[in-house]
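Observations on the three-dimensional arrangement
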Amino acid sequence: MDMSRLTWLLGEPVATGQLKANPEDFIVEEDLGFEPDGEGEHLLVRIRKNGCNTQFVAEQLARFAKVHPRDVSYAGLKDRHAVTEQWFCLHLPGKADPDLSQFNLEGCEVVRASRHRKKMRIGTLKGNAFTLVLRQISNIADVEARLEKITQQGVPNYFGTQRFGRGGNNLVQAKRWATNEARPKERAKRSFYLSASRSAMFNIVASQRLADGTVRQPMLGDALQLSGRGSWFVAKAEEFESLQPRVESGELLVTAPLPGDGPLGTLEDAEAFEQSCLSDQTDLLSLLKRERVEPARRAIMLQPLQMQWQRWDDVTLELKFWLPAGSYATSVVRELMNLDETDADITE
């Protein structure tokens, strides 16, 4: 998907710069939102890694602990080309803890380990804390001015380029699948292609709402989400007037669809708007329906928390913030500057 065609909240940045000039410039710390129980048949292992992707580390942990790869799980993928801390879950019923001091994998360090009662599954995390170093910034004053605005207004909650694969290949393959040109055999690839399809359509609708200036102006029939919650409700005529100030204040968030096999979730004006935005996506919509993907909604706006930054010099800035699970640090950086070199962060 061409991210350059998506609407910016603050207008296209005037500054250019570099993200991830080296892995240490991109630090991600996973936040589960809970502490391990200290007992149970699962062992949670927190690993700091650099130069290894999540699945590879999981496979090496399984080999080390002498368990089947399916007995090692994780909450989300983390980028290979970054310094990341994340939890892995080993299912060890009736088994002693392996001696993790002997786990030797280049680029990996065991930070801590503790027993837990429940298996950790994909999505079992609250969010991620990021520390980014932005380098070679051509207009650092403009970047800082934008950071001030983002602290107040947030950023568009777009899915990042990594959701669509290298060169947008996941979306290309999804379209081939949709037109029966080629059906992917691997379950994992089918999942990636379906995710790319609905993510692209979310981005399309979200971008148009931003372009129309209605991201904080609800339409009749909008699906609204209470900030910080996953559930949503439809804006009906009898309560519409009272909802407007709550949307303007950010207490309620306008959502866009993650289409599937079912209605979009909106009604009346909002439903007509979304159907218009997606009118040329019939092949992908049919694919999602055919594969019985469950429809969902996602807030169009994202508010980074715990934001702080400091200049290192006139062309370098360190930026820290926290994002909820499923959101992308590159969506924050996209509002700050155009990248000299596109890099991806994976935070799902």
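Everything numeric here is computed off the predicted structure, so don't read it as measured data. (Residues numbered from 1 in each chain as written. Predicted model: local features only at pLDDT ≥ 70, side-chain atom pairs only at ≥ 80, totals over all residues. Heavy atoms only, no water.)

Closest axis-to-axis distance for the helix α4 (residues 187-212)/helix α7 (residues 282-290) pair is 10 Å, and the angle between their directions is 130 degrees. With respect to α7, the element α4 is oriented oblique. Between α4 and α7 the crossing geometry is left-handed. For the pair α4 and α7, the contacting residues are Leu194, Ser197, Arg198 and Met201 in the first and Leu284, Leu285, Leu287 and Leu288 in the second. (Axes fitted to C-alpha atoms, helices over the stretch in contact; angles between N-to-C directions. Helix = DSSP H or I, 4+ residues; strand = E, 2+ residues; numbered from the N terminus. Parallel < 35°, antiparallel > 145°, perpendicular 65-115°, else oblique. Left-handed = near helix turned anticlockwise from the far one by under 90°. Contact = heavy atoms within 4.5 Å.)

This part covers the nonpolar core. One finds Phe164 and Leu224 to be the most contacted residues of the largest nonpolar core, which totals 39 residues. Residue assignment for this core shows that the elements contributing at least two residues are α3 (169-178), α4, α5 (240-248), β11 (252-258), α6 (268-277) and α7. If one sorts the elements of this core by residue count, α4 sits on top with nine residues. In this structure, phenylalanine 164 is in contact with Met1, Met3, Phe159, Asn169, Asn170, Leu171, Ala196, Ser199, Ala200 and Asn203, ignoring residues within four places of it in sequence. Ranked by size, the runner-up nonpolar core spans 25 residues in total, among them Ala82, Phe130, Leu302 and Phe321. (Core = buried A, V, L, I, M, F, W, Y, C linked by side-chain atoms within 4.5 Å. Buried < 20%, exposed > 50% of the residue type's maximum accessible area, 1.4 Å probe, protein only.)

Counting across every chain of the model gives 20 salt bridges. Of the charged contacts, one joins lysine 78 and glutamate 30 as a salt bridge, the two residues approaching to 3.0 Å between their closest N and O atoms. With a gap of 48 residues between them, lysine 78 in the loop between β4 (72-74) and β5 (83-91) and glutamate 30 in strand β2 (residues 26-31) connect regions that are remote in the sequence. For the pair lysine 78 and glutamate 30, a shared accessibility class is recorded, and that class is buried. For arginine 48, the salt bridge is made with glutamate 85, and the minimal N-O distance between the two is 2.6 Å. Separated by 37 residues along the polypeptide, arginine 48 in strand β3 (residues 42-50) and glutamate 85 in strand β5 bring together distant segments of the chain. For arginine 48, a relative accessible area of 29% puts it in the partly exposed group. (Salt bridge = Lys/Arg side-chain N within 4 Å of Asp/Glu carboxyl O.)

This brings us to the UniProt feature "domain: TRUD" (unreviewed entry) in the protein chain. Following the UniProt record, one finds the feature "domain: TRUD" (unreviewed entry) at residues 154-302. Within the segment residues 154-302, helix and strand shares are 43% and 15% respectively, and the terminal C-alpha atoms sit 5 Å apart. (UniProt positions renumbered as here; feature names shortened; annotations may be inferred.)

Attention now moves to the sheet that holds β11. The strand order across the open sheet built from four strands is β10-β9-β11-β12, with neighbouring strands paired in antiparallel fashion. Looking along the sheet, the strands with just one partner apiece sit at the ends: β10 (232-234) and β12 (296-299). On average, each strand axis in the sheet is tilted by 45 degrees relative to the strand beside it, whichever way the strands run. With three bridges connecting them, strand β9 (residues 223-226) and β10 associate as antiparallel partners. Within β10, the residue paired with glutamine 225 across the bridge is tryptophan 232. Contacting β11 and β12, α4 crosses the sheet at an angle of about 135 degrees to β11. (Pairing = 2+ DSSP bridges.)

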